[in-house]
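Survey of secondary and tertiary structure
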Number of protein chains: 2
Amino acid sequence: MSGASGWESDRNASLLTDLYQLTMLQAYWREGLADRAAFSLFFRQLPRSRNYLIACGLEDALRYLEELRFTEEALEYLRGLGFFSRPFLDWLADLRFTGDVFAMPEGTPVFPNEPLLEVEAPIGEAQLVESFLINQLHLQTALASKATRVVAAARGRKVVDFAMRRMHGADAALKGARAFYVAGVDATSNVLAGKLYGIPVSGTMAHSYVQAHPEELDAFRAFVRLYPDTILLVDTYDTLEGVRKVVQLSRELGGDFAVRGIRLDSGDLALLARQAREILDGAGLDEVEIFASGLLDEHGIARMVGEGVPITGFGVGTRMGVSEDAPTVDLAYKLTEYAGVARQKLSPGKATLPGRKQVFRVESDGVAERDVLAGRDETLAGRPLLHPVMREGRRLPSASPTLEEIRARAAEEIAKLPEKLRSLEPADPPYRVEVSDALRARAERLRARFEGRARR
Amino acid sequence: MSGASGWESDRNASLLTDLYQLTMLQAYWREGLADRAAFSLFFRQLPRSRNYLIACGLEDALRYLEELRFTEEALEYLRGLGFFSRPFLDWLADLRFTGDVFAMPEGTPVFPNEPLLEVEAPIGEAQLVESFLINQLHLQTALASKATRVVAAARGRKVVDFAMRRMHGADAALKGARAFYVAGVDATSNVLAGKLYGIPVSGTMAHSYVQAHPEELDAFRAFVRLYPDTILLVDTYDTLEGVRKVVQLSRELGGDFAVRGIRLDSGDLALLARQAREILDGAGLDEVEIFASGLLDEHGIARMVGEGVPITGFGVGTRMGVSEDAPTVDLAYKLTEYAGVARQKLSPGKATLPGRKQVFRVESDGVAERDVLAGRDETLAGRPLLHPVMREGRRLPSASPTLEEIRARAAEEIAKLPEKLRSLEPADPPYRVEVSDALRARAERLRARFEGRARR
């Protein structure tokens, strides 16, 4: 997990930002604006089909902040753009991220207006990192949040990530496999994700393998010789014929037959699974499991599980891989304090709450009841969700959980949510997020001060 | 554009695949199945909201094929999985891609069942590369196809890619910026994409910059001092007040005032643009342009352009960045020939056409009329769209167009499409894709042969 594969360890990673971050940075530098700023990363609204999101992506965010620097190659490119002065570029060569970060641990359920992460740093540094932080937390949070629904729908049946090929590029395929695992998915077909993150890898066989043999049964025989406990794909030509060939193979092999399951990948999965189960059971192959794939999402899985379809595992691809019903979240990163003074944006529909924050989760009998969004310095009832994870540019030792720990935390935190939030249907009313009295008063004071000033 | 930033130049890139590709590869190797196979990469259906797709991603596909190899580190990981024998891993260490590739040049409009790309290679090699090829062509084709709609809607007004932060990870943000540029987008805010691909970079300022100053006008003054011809963001507090401050700044600066434009990022963009235009014109600032951003897509842009809203440029983010209305395409990679014999998959709803193919685009008076999907060896009326791009694992010199050439080709090819296809509304009837008589006969012969065999 050293980031060996990631573009983020690349010497150009500092340029993975929007141009205006760099032009603003030069402006701050030129104006001598270097006071500490606080930025908050949050979303305003849940996608319609989500009752909560799962915070994910902090690991990559912290690594980026620790490693941020502009190489000679990057500076050379910037020089060529003509926007930047030589003294500024010299200063940029020495720039490091020196700020503090508070964040929700990965795997925490998060609600509208709650910071997933807050950055405090000299304003230029804090501003510069916006684009990258949003890019990574957005991707990983969106995908983990989708996957928790798939996992919930499967009710303990195995879920395997088959999404790599239709995810949006290599970075998404890798970070996504990790996010899915955090959310409770059992394994991934993505080999590199397995290597980088230690996630169990899993796979069966493709139609082309069957087609490359003279007869389907020849393909099954050859594959089982090499992988005795494999899962055989039975729908290349005629699904039920394919199942019968598995039965025939079991007769040929007798006691050596160890095939773990069959995979259905097309047609009416529920109907075919029942028919296949009947054929298998009729041949005494009760132990052979049925695995299904092909355009599955949480709704298809929930329906089949609810109807008692005899499927014990699901390979889930495209629809989970891009979080198809909600591929984006309106994640934003907003200035909330500068030089010790709270700041607030008043753009219509995009107003922000001022200052550094804390979120308290109030639980009753182990079930989350409501969250309270408060100022960082408040102490209220409930469990604080934001913790210090980086100080002066260095990650705190407490902020390096293993992936297994993150996954266990996610399961534990999700289990604490009210049941209606864990359902696939929109929770009505949604989970309650209150604003503390002190924070509300602060926002109103600030707005009044602005309006007073505007009237002058 | 050396791939310096890309994970794909990483020593682990060969592992960015699905596990079953490797288990099948070992099976082919063990069985001695090494005859040449042909695979075809295509999609079956257009997303509902697309009349055509734009082929994109070939550059990355070819680079991957040229550089494919398993390093000691990759082999070490595979060894630890326990699925692979030592002799196989030794063989894998020397594996290179030695096949031929035919493809549509990037920027070609493509329709259902038409191969974007065909691979011919020993079956193990051809199979192994499936996951990666789909991952990259899927992403880039989906994003380029969305962007052509945005560009069409803007009718010559400037379109800038602001999507980086909400695209799915770093790879998508980079490849996507390139795909958008191919599709006719004018510039990107993504600095690293600018560096890697030579795309013009562009940017304005953020709300936080305004908020970090005591007064909005202070921020404008400071920014303009450094960037005299910048675009000022006017909606941090009150949009029209912001515009008036730009007017005030023009009076302060007199002949030195060179501000290129203002940006609106919230509220009713059409209304605010008209009001802002009035204020600017009233102050003699006719030359100051109005740039808009904020949850724009092709429909919002088309509406404003159609109504004559005085906006001269659009910053387009999230909705283009994930191709929100169609984030995936059912791109598939299917075996169509093995050992000189055509292959066909008959799974319900997923049947394929056999053999290597060519696509002929039949044009009349410079307008595309229909495509004919044919066997590779057929010669029919019309322009063949698939060209050889790689032979024996080496890219052909003709297959290295510059990005500018690709962009020009895309514009030219799109201009040849019938007008109703270039509209944002679904074309009814859709573009005609015929199957040649010879290809149809071949498919029927093969199906009859299979059914005859199945009946035995």
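Keep in mind that what you see is a predicted model, and the values were worked out from it rather than measured.

About the criteria used
Residues numbered from 1 in each chain as written. Chains lettered and ligands numbered in written order. Predicted model: local features only at pLDDT ≥ 70, side-chain atom pairs only at ≥ 80, totals over all residues. Pairing = 2+ DSSP bridges. Helix = DSSP H or I, 4+ residues; strand = E, 2+ residues; numbered from the N terminus. Core = buried A, V, L, I, M, F, W, Y, C linked by C-beta atoms within 7 Å. Buried ≥ 20, exposed ≤ 12 C-beta atoms within 10 Å, placed from the backbone. Contact = placed C-beta atoms within 7 Å. Least-squares fit on C-alpha atoms with pLDDT ≥ 70 in both. Domains from an automatic or database assignment. Nonpolar A, V, L, I, M, F, W, Y, C, P; charged D, E, K, R; others polar. Axes fitted to C-alpha atoms, helices over the stretch in contact; angles between N-to-C directions. Parallel < 35°, antiparallel > 145°, perpendicular 65-115°, else oblique. pLDDT = per-residue confidence, 0-100. Left-handed = near helix turned anticlockwise from the far one by under 90°.

**Side note on the pairing of strand β15 (residues 367-375) of chain B**
All names here are of chain B.
- Of the strand pairs in this sheet, strand β14 (residues 357-364) and β15 are connected by eight bridges, and their pairing is antiparallel. Within the sheet, the bridge partner assigned to valine 362 lies in β15 and is arginine 370.
- Connecting β14 to the next strand, β15, in antiparallel fashion are two residues, including aspartate 365 with a positive phi near 50°.
- Here β15 pairs with strand β19 (residues 432-435) via four bridges, running parallel. Looking at β19, one finds that aspartate 371 is bridged to valine 433.

**A closer look at the nonpolar core**
- Ranked by size, the top nonpolar core spans 280 residues in total, and within it A:Ile262 and B:Ile262 carry the most contacts.
- Excluding anything up to four places from it in sequence, A:Ile262 contacts A:Ile231, A:Leu232, A:Val234, A:Val243, A:Val246, A:Ala276, A:Val288, A:Ile290 and A:Phe291.

**Let's talk about the relation of the copies chain A and chain B**
- Least-squares fitting of chain A to chain B yields an RMSD of 0.0 Å, with the superposition described by an axial translation of 0.0 Å and a rotation of 180°. Between the two chains, the operation in question is that of a two-fold axis.
- Interface overlap between copies is the fraction of interface residues in one copy that are interface residues in the other; for chain A against chain B it reaches 100%, indicating a shared surface.

**Side note on the domain arrangement of chain A**
Residue and element names in this part refer to chain A.
- When cut into domains, chain A gives domain 1 (7-143 + 328-455) and domain 2 (146-321).
- Computed from C-alpha coordinates alone, the two centres of domain 1 and domain 2 are separated by 39 Å.
- With 18 residues of domain 1 in contact, the opposing surface of domain 2 contributes 22 residues.
- Per element, the largest residue contribution to the side of domain 1 that touches domain 2 is six residues, and it comes from helix α15 (residues 403-415).
- Looking at side-chain class alone, the side of domain 1 that touches domain 2 contains twelve nonpolar, two polar and four charged residues.

**Re the sheet that holds strand β1 (residues 36-43) of chain B**
All names here are of chain B.
- Spatially, the seven strands line up as an open sheet ordered β13-β12-β1-β5-β3-β17-β18, and their pairing is antiparallel. Pairing within the sheet leaves two strands with one partner each, and these edge strands are β13 (341-342) and β18 (394-395).
- Looking at chain direction, strand β17 (residues 387-391) and β18 are connected through two bridges and run antiparallel. Considered in β18, the bridge of methionine 390 is made with arginine 395.
- Its contacts with the sheet put helix α2 (residues 58-67) on β3 (100-103), β5 (117-122), β17 and β18, and the angle it makes with β17 is roughly 25°.
- Running over the sheet, helix α6 (residues 130-154) touches β1, β5 and β12 (331-338) and is turned about 140° from β12.

**Points about the packing of helix α10 (residues 216-226) of chain A against helix α1 (residues 19-31) of chain B**
- At their nearest, the axes of α10(A) and α1(B) sit 10 Å apart, and the two run at 100° to each other. One way to sum up the angle between α10(A) and α1(B) is to call them roughly perpendicular. Facing α10(A), whose interface residues are A:Ala222, A:Phe223 and A:Leu226, α1(B) presents B:Gln26, B:Ala27, B:Arg30 and B:Glu31.
- Considered class by class, the residues forming the contact of α10(A) with α1(B) number four nonpolar, one polar and two charged.

**Section: the environment of A:Gly375**
Residue and element names in this part refer to chain A.
- On the secondary structure map, glycine 375 appears in strand β15 (residues 367-375).
- It is 9.3 Å that separates the C-alpha atoms of glycine 375 and valine 435, two residues lying 60 residues apart in sequence.
- With near-sequence residues (within four places) excluded, glycine 375 lies in contact with Gly355, Arg356, Lys357, Gln358, Ser436, Ala438, Leu439 and Arg442.

**A word on the interface of chain A and chain B**
- Contact residues are listed per partner, giving 85 residues for chain A and 86 residues for chain B.
- It is helix α1 (residues 19-31) of chain A that contributes the most residues to the side of chain A that touches chain B, nine residues altogether.
- Among the residues making up the side of chain A that touches chain B, the classes are represented as 41 nonpolar, 27 polar and 17 charged.

**Describing the sheet that holds strand β8 (residues 231-233) of chain B**
- Pairing is parallel across the open sheet formed by six strands, whose spatial order is β7-β6-β11-β10-β9-β8 (chain B). In this open sheet, the two edge strands, each paired with only one partner strand, are β7 (187-188) and β8 of chain B.

**A look at the environment of B:Thr328**
- By the element assignment, B:Thr328 lies in the loop between α14 (318-321) and β12.
- Note: C-alpha distance between B:Thr328 and B:Pro214 (114 residues apart in sequence) is 46 Å.
- When residues no more than four places from it in sequence are discounted, the contact partners of B:Thr328 are A:Arg166, A:Thr318, A:Val322, A:Glu324 and B:Ala142.

**Re the confidence of the model for chain A**
All names here are of chain A.
- Looking at chain A, pLDDT values average 94 and 95% of them are 70 or higher.
- Contacts for the low-pLDDT stretch residues 1-9, under 50 throughout, to residues beyond four places or in other chains number 27 contacts.
- Across the assembled chains, the prediction reports ipTM 0.95 with pTM 0.96.

**A short note on the packing of helix α7 (residues 169-182) of chain A against helix α7 (residues 169-182) of chain B**
- Packing of α7(A) against α7(B) leaves a shortest axis separation of 5 Å and a crossing angle of 165°. With respect to each other, α7(A) and α7(B) are oriented roughly antiparallel. Viewed along their axes, α7(A) and α7(B) form a crossing whose handedness is left-handed. In this structure, α7(A) uses A:Gly169, A:Ala170, A:Asp171, A:Ala172 and A:Lys175 to contact α7(B), whose residues at the interface are B:Gly169, B:Ala170, B:Asp171, B:Ala172 and B:Lys175.
- Partitioning the contact of α7(A) with α7(B) into residue classes produces four nonpolar, two polar and four charged.

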